[in-house]
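What follows is the residue order along each chain.
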Amino acid sequence: MTVYLVGAGPGDPGLLTLRAAEVLGRAEVVVHDRLVEASLLDLAPPDAERVAVTGPEAGAVLAEHGRTGRPVVRLAAGDPFAGGAGGVEAQALQAAGVAFEVVPGVAPAAAVPAYAGVPLTHPGTASAFTVVTGDDPGTDWAGLARSGATLVVPAGAAAPAAVAGRLLAGGLAPETPVAAVTGGTRPEQATRRTTLAALAAAPAEAPATVVVGPVAALDLGWYERRPLSGRSVVVTRARDQAPVLSARLRELGARVLELPAIAVAAPADGGAGLDAAAAGITAGRYDWAIFTSVNAVPRLCGRLPDARAWAGTRLAAIGAATADALAGYRLVADVVPGEYVAEALLEALLAAPPPAHPGPVRALLPRAAVARPVLPAGLRAAGWEVAVVEAYRTVVPAAAAEVLAAAAAADAVCFTSSSTVTNYVALAGRDRVPPVVACIGPVTAGTAGEAGLEVTVVAAEHTIPGLVQALVAALSAKTG
């Protein structure tokens, strides 16, 4: 079996290569740097063994695990053979008779300047670049100063001020432009543009990737200009539902802290009620099946053999996300209200054409164990027969003290349901809520107000994109 020497890239998880993701997906052992982005480790199977190592011990650890015959991934920052210890680790595997494959990663020396808006070569400005570690006593500093090439000093190499001093001594002009980038390709990235002389006198915050040369005067920055750059946002959705919101926030530059304030558990009856409901749908017992959350969709639809079982039953979804979940089962919602709240869904259902059979309309409402009574009460008041079935329960998950502390220091928190509000306050306390509170809709905002929170913004469209749009506007206004 092969040991894969995989480059994790410069920090942004989105820069991991497809080949790297592929081998991680079938690894049984992942040997990783202690500071590798945690989300990359999540790409490995849940039962894969994860081993954190420091550089000097990695070769021996890889050889030991490689001899077991299991697929082993060595996940290291950057590129294994460019600035990393991949060559040394490959020699250790070769000496142990263990087969290996090198999976290149995006090298920080190229990626970090690109994220800072500094091209390493540019027509009429620079036609070559050199990566300088600065810790080799044989380095020809005078030759580098004369070369005209862009010089890149990666983070973690020699101290930037010391490199600046050596280049000045080698004859490079004091006014040579410099860009010093901290936190490269991560949400906290910051770029300082200065000169070689200033860098030598006032060192950049370490660790910093430093670019020296005329191209450093070019400011083609984009990463730090995204609307949520430098902002930290707490996402309170259930762990399996958080990725969509988290990904959108990260695309806009936010540092996302996922703190699930809600977890979805099986119904108290073990699913007996859902089984009976599925049988009722197959028998044509219901005129309507009404879904008020994404969570209920797979728990009921997964119990039916195929879409034909729904013949004669119309479907209602409280919003676009729930309708999309139904579409995943090749089901099209007959009713989706314009406003994604129970009151609007009630109005839309009562306005729908009645069934052809005599007697009351028969509706099935699979939902959480604890939910607002507005919808079933309103339908029953109109003469409908409503069977409410417990499809799932929401519970409060545990949260580590350090995660709660980080959440309290964040810029904003997003609430996507009343349960997330109630549970978050129970977990963190009312006094440890970030200053900007964004709610997906008026019901959630009402719960937040009742909990003593000051709601900053409510999404005009009660969807994840609407929530993100509202949050961007709120944080922009706060900056202004």
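Look up a bit, the structure's there.
Cut-off values and rules
- Residues numbered from 1 in each chain as written.
- Predicted model: local features only at pLDDT ≥ 70, side-chain atom pairs only at ≥ 80, totals over all residues.
- Heavy atoms only, no water.
- Disulfide = S-S within 2.5 Å.
- Buried < 20%, exposed > 50% of the residue type's maximum accessible area, 1.4 Å probe, protein only.
- 1 Å grid on protein atoms, 1.4 Å probe; cavity = no way out; pocket = protein on both sides within 12 Å on 5 of 7 lines; lining within 4 Å.
- Points joined across faces, edges and corners; volume = space filled by probe spheres on them.
- Helix = DSSP H or I, 4+ residues; strand = E, 2+ residues; numbered from the N terminus.
- Nonpolar A, V, L, I, M, F, W, Y, C, P; charged D, E, K, R; others polar.
- Pairing = 2+ DSSP bridges.
- Axes fitted to C-alpha atoms, helices over the stretch in contact; angles between N-to-C directions.
- Arc of directions from axis to C-beta.
- Contact = heavy atoms within 4.5 Å.
- Core = buried A, V, L, I, M, F, W, Y, C linked by side-chain atoms within 4.5 Å.
- Phe/Tyr/Trp six-rings, centres within 6.5 Å; stacked < 30°, edge-to-face > 60°.
- Expected span 1.5 Å × (residues − 1).

**Let's talk about the state of the cysteines**
- A full pass over the atoms with the stated rule returns zero disulfides.
- Left unpaired, Cys414 is separated from the closest cysteine sulfur, that of Cys439, by 9.0 Å.
- A relative accessible area of 1% means that Cys414 is categorised as buried.

**Examining the layout of surface pockets**
- In this structure, the largest pocket encloses a volume near 1300 Å³.
- Broken down by secondary-structure element, the contributors of at least two residues to the lining of the largest pocket are α12 (320-327), β16 (362-368), β17 (385-395), α16 (418-428), α17 (442-450) and α18 (464-479).
- Of the residues assigned to the lining of the largest pocket, the class counts are 21 nonpolar, 19 polar and five charged.

**Digging into unusual backbone geometry**
- Even without a glycine there, the phi angle at Thr185 is positive, about 65°.
- As for its placement among the helices and strands, Thr185 is situated in the loop between β8 (177-182) and β9 (190-195).
- One non-glycine residue, Arg330, lies in the positive phi region at around 60°.
- Structurally, the position occupied by Arg330 is in the loop between α12 and α13 (342-351).
- Overall, the relative accessible area of 76% leaves Arg330 in the exposed class.

**Examining the sheet that holds strand β6 (residues 129-131)**
- The five strands are arranged β6-β7-β10-β8-β9 in an open sheet whose pairing can be described as mixed. Each having just a single partner strand, β6 and β9 make up the two edges of the open sheet. With strand direction ignored, the average angle separating the axes of adjacent strands in the sheet is 20°.
- Of the pairings in the sheet, the one linking strand β7 (residues 150-153) to strand β10 (residues 208-212) comprises three bridges and is antiparallel in character. By the bridge assignment for β10, Leu151 is matched with Val212.

**Considering helix α1 (residues 18-25)**
- Among the residues making up α1, those that are buried are Ala20, Val23 and Leu24. The buried residues of α1 occupy an angular sector of 105° when projected down its axis, which confines them to one face.
- Those residues of α1 that are buried lie in contact with β1 (3-7), β2 (29-33), α2 (38-41), β4 (72-76) and β5 (100-103).

**Description of the environment of Pro154**
- Structurally, Pro154 is set in the loop between β7 and α7 (160-169).
- Placed 53 residues apart in sequence, Pro154 and Pro207 show a C-alpha to C-alpha distance of 8.6 Å.
- In contact with Pro154, other than residues within four places in its own chain, are Val131, Val132, Ala208 and Thr209.

**Here's the deal with the nonpolar core**
- Ranked by size, the top nonpolar core spans 26 residues in total, and within it Ile281, Phe291, Leu300, Cys301, Trp310, Leu326 and Leu364 carry the most contacts.
- Residue assignment for this core shows that the elements contributing at least two residues are α10 (272-282), β14 (288-291), α11 (296-301), β15 (314-317), α12, β16 and β17.
- If you look at the next biggest cluster of nonpolar residues, it comprises 24 residues, including Leu245, Leu252, Ile440 and Ala470.

**Details of the sheet that holds β5**
- As summarised here, the arrangement of the five strands in space is β3-β2-β4-β1-β5, forming an open sheet in which the pairing is parallel. At either margin of the open sheet sits one strand with a lone partner, and together these are β3 (49-53) and β5. Averaged over neighbouring strand pairs, the angle between their axes works out to 20° when direction is ignored.
- Against the sheet, α1 engages β1, β2, β4 and β5, with an angle of about 140° to β1.
- Of the strands in this sheet, β1, β2, β3 and β4 touch helix α3 (residues 55-66), which is tilted by about 150° from β3.

**Quick word on the packing of aromatic side chains**
- Counted by the stated rule, this structure contains five aromatic pairs.
- When the ring of Phe291 is compared with that of Trp310, the centres are 6.3 Å apart and the planes differ by 55°; the resulting orientation is tilted. Here the residue Phe291 occupies a position in strand β14, and Trp310 occupies one in the loop between α11 and β15, the gap between them amounting to 19 residues. With respect to burial, Phe291 and Trp310 carry one shared label: buried.

**Quick notes on the environment of Leu62**
- Mapped onto the secondary structure, Leu62 falls in helix α3.
- A sequence separation of 348 residues divides Leu62 from Ala410, and the C-alpha atoms of the two residues are 38 Å apart.
- Ignoring anything within four residues of it in the chain, the contact list for Leu62 reads Val3, Leu5, Val31, Val72, Arg74, Glu89 and Leu93.

**Concerning α3**
- Helix length check: α3 (12 residues) gives 17 Å between terminal C-alpha atoms against 16 Å at 1.5 Å per residue, within 8%.
- Of all the residues in α3, the buried ones are Ala58, Gly59, Val61, Leu62, Ala63, His65 and Gly66.
- In this structure, the buried side of α3 is in contact with β1, β2, β3, β4 and α4 (86-95).

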